[in-house]
Amino acid sequence: MTKNTFQTFKRSLLALAVGSLALAALPGTASAQNYKSEYRMSLVLGPAFPWGKGGEIWANKVRERTQGRINIKLYPGVSLIQGDQTREFSALRQGVIDMAVGSTINWSPQVKQLNLFSLPFLMPDYAAVDSLTQGEVGKNLFKVLDQAGVVPLAWGENGYREISTSKLPIKKPEDLKGLKIRVVGSPLFLDTFSALGANPTQMSWADAQPALASGAVDGQENPISIFTAAKLHTVGQKYVTMWGYICDPLVFVVNKDIWNSWTPADREIVRQAAIDAGKEETALARKGLVEADKPLLKEIAGHGVNVVQLSPAEREAFVKATRPVYDKWKNTIGADLVTQAEKSIASRK
Ligand code: X2X
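Residues numbered from 1 in each chain as written. Predicted model: local features only at pLDDT ≥ 70, side-chain atom pairs only at ≥ 80, totals over all residues. Heavy atoms only, no water.

Q: Can you lay out the overall build of the chain for me, pointing to particular residues and giving the numbers?
A: Helices and strands together make up the secondary structure of the chain, namely 14 helices and nine strands. In terms of principal-axis extent, the alpha carbons of the chain reach across some 95 × 40 × 35 Å. A burial count over the chain gives 52% of its 349 residues as buried. When the accessible surface of the chain is split by element, carbon and sulfur atoms take 56% of a total near 15300 Å². (Helix = DSSP H or I, 4+ residues; strand = E, 2+ residues; numbered from the N terminus. Buried < 20%, exposed > 50% of the residue type's maximum accessible area, 1.4 Å probe, protein only. Areas by Shrake-Rupley, 256 points an atom, 1.4 Å probe, with all protein chains shown as cover.)

Q: Describe the site of the ligand, listing the residues and the values that go with them.
A: In the region of the ligand, the neighbouring residues are Val44, Trp51, Gln85, Ser103, Asn106, Asn158, Arg161, Arg182, Trp205, Asn222, Ile226 and Asp248. At 2.9 Å, a side-chain N or O of asparagine 106 approaches an oxygen atom of the ligand. In this structure, an oxygen atom belonging to the ligand sits 3.2 Å away from a side-chain N or O atom of asparagine 158. For the ligand, whose free accessible area comes to 270 Å², the fraction covered by protein is 100%. Among the cavities detected, the one that contains the ligand is the largest cavity. (Near = heavy atom within 4 Å. Polar contact = N/O pair within 3.5 Å; in protein donor to acceptor, adjacent residues only side chain to side chain. 1 Å grid on protein atoms, 1.4 Å probe; cavity = no way out; pocket = protein on both sides within 12 Å on 5 of 7 lines; lining within 4 Å. Sits in = over half its atoms within 2 Å of the grid points.)

Q: Outline the packing of aromatic side chains, listing residues and values.
A: Under the criterion given, the structure shown has 13 aromatic pairs. Taken together, a centroid distance of 5.5 Å and an interplanar angle of 85° make the contact between tryptophan 243 and phenylalanine 318 edge-to-face. Residue tryptophan 243 is located in strand β8 (residues 239–255), and its partner phenylalanine 318 is located in helix α13 (residues 312–333); the two are separated by 75 residues in the primary sequence. Summarising the burial analysis for this pair, tryptophan 243 and phenylalanine 318 share the class buried. The structure contains a cluster of three or more aromatic residues connected by ring pairs, namely Phe121, Phe193, Trp243, Tyr245 and Phe318. The lysine or arginine in question, arginine 323, covers the ring of tyrosine 326, its NZ or CZ lying 4.0 Å from the ring centre. (Phe/Tyr/Trp six-rings, centres within 6.5 Å; stacked < 30°, edge-to-face > 60°. Lys NZ or Arg CZ within 6 Å of the ring centre and 35° of its normal.)

Q: Give a detailed account of helix α7 (residues 187–195), specifying residues and quantitative values.
A: The complete set of buried residues in α7 reads Leu188, Phe189, Thr192 and Phe193. What you see down the axis of α7 is that its buried residues fit within an arc of 125°, all on one side. Downstream of α7 by a residue or two, glycine 197 has a phi angle that is positive, lying close to 90°. (Arc of directions from axis to C-beta.)

Q: Help me get a handle on the side chain of threonine 192, residues and values and all.
A: Its place among the elements puts threonine 192 in helix α7. Relative accessible area serves as the criterion here: at 1%, threonine 192 is assigned to the buried category. In this structure threonine 192 touches Pro120, Tyr245, Thr322 and Val325, once residues within four positions along its chain are discounted. (Contact = heavy atoms within 4.5 Å.)

Q: Could you give an account of the pattern of salt bridges, naming the residues involved and the relevant values?
A: Tallying each qualifying case throughout the model produces 20 salt bridges. Salt-bridge contacts for aspartate 130 lead to arginine 286; the nearest nitrogen and oxygen are separated by 2.8 Å. Here aspartate 130, found in helix α5 (residues 126–133), pairs with arginine 286, found in helix α11 (residues 264–286); they are 156 residues apart in sequence, far enough to count as distant. When salt bridges that share partners are traced, they join Asp130, Glu157 and Arg286 into one network. (Salt bridge = Lys/Arg side-chain N within 4 Å of Asp/Glu carboxyl O.)

Given below as structure tokens:
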């Protein structure tokens, strides 16, 4: 090496060293030094429910596959936002929450397109749900979520929401007349239950259980997996009607700054773990309801709960009564997106 080339060599080495130092110091640049010792995952329900179990499965897979580089702690009961589940999306965007498995219902106040899944009687069966979440509609909604400021990774499921009351079995819209029904989420729910003649009142899940117990409200709507795990028969819910009016998916997401602070390899691990956990969680959410003898329904019947199955004609009366709500909200959500969803459902396998 001549003296000159040696000098050049030394200079480029120096430049390289300075360059990588500068890179490491840049905020937002992925390098293992920037990792937090713990990441905070928000959930409405804990691991006693399919929802929380899904979060736990995701966290465990990430910890294992990153050899502990990414450690996640679960915060069920949306405790990072004092139980106010409709604020979860804003908190995620702002970084109060690092990651979440959240219901489309709870994020609908901020992301109007997510109201799609709350359109009454849009999705007649699980194949319809899958055609949306696993198809083009799901991809479009992930773009919307990305633009809204979070990184969506995978779909899971809370489930088909069935109506329960302490007063009487619901077989026709008139049966709901004047009943106080607890609802959550966006104003769409107020419209749906008002159209059915009920008296809807919005409250968080944390407030719902004492309100049911004290009789401040007469009924509620939630998946059967929640009805059983939360033992809603012990708070006076004696009648359940399987009307399958809506089904809320869950979304596995990460805050954008957190996502960008991880190395590309770790991001891929977190994404794949979310996809795997989402599949397992969805199977858990459907367990007991997709088998021919529906063991979950047997379980609640065993607690003395009256379970009503609607005939197609009876169900149609609810569809008809809520159709104006569907039409009104189709425009709010975006007519193109809803039409795409309708087509996707019509051609489902
Ligand atoms: O509050 C509810 O009803 C629940 C638990 O199902 C949701 O978070 C949407």
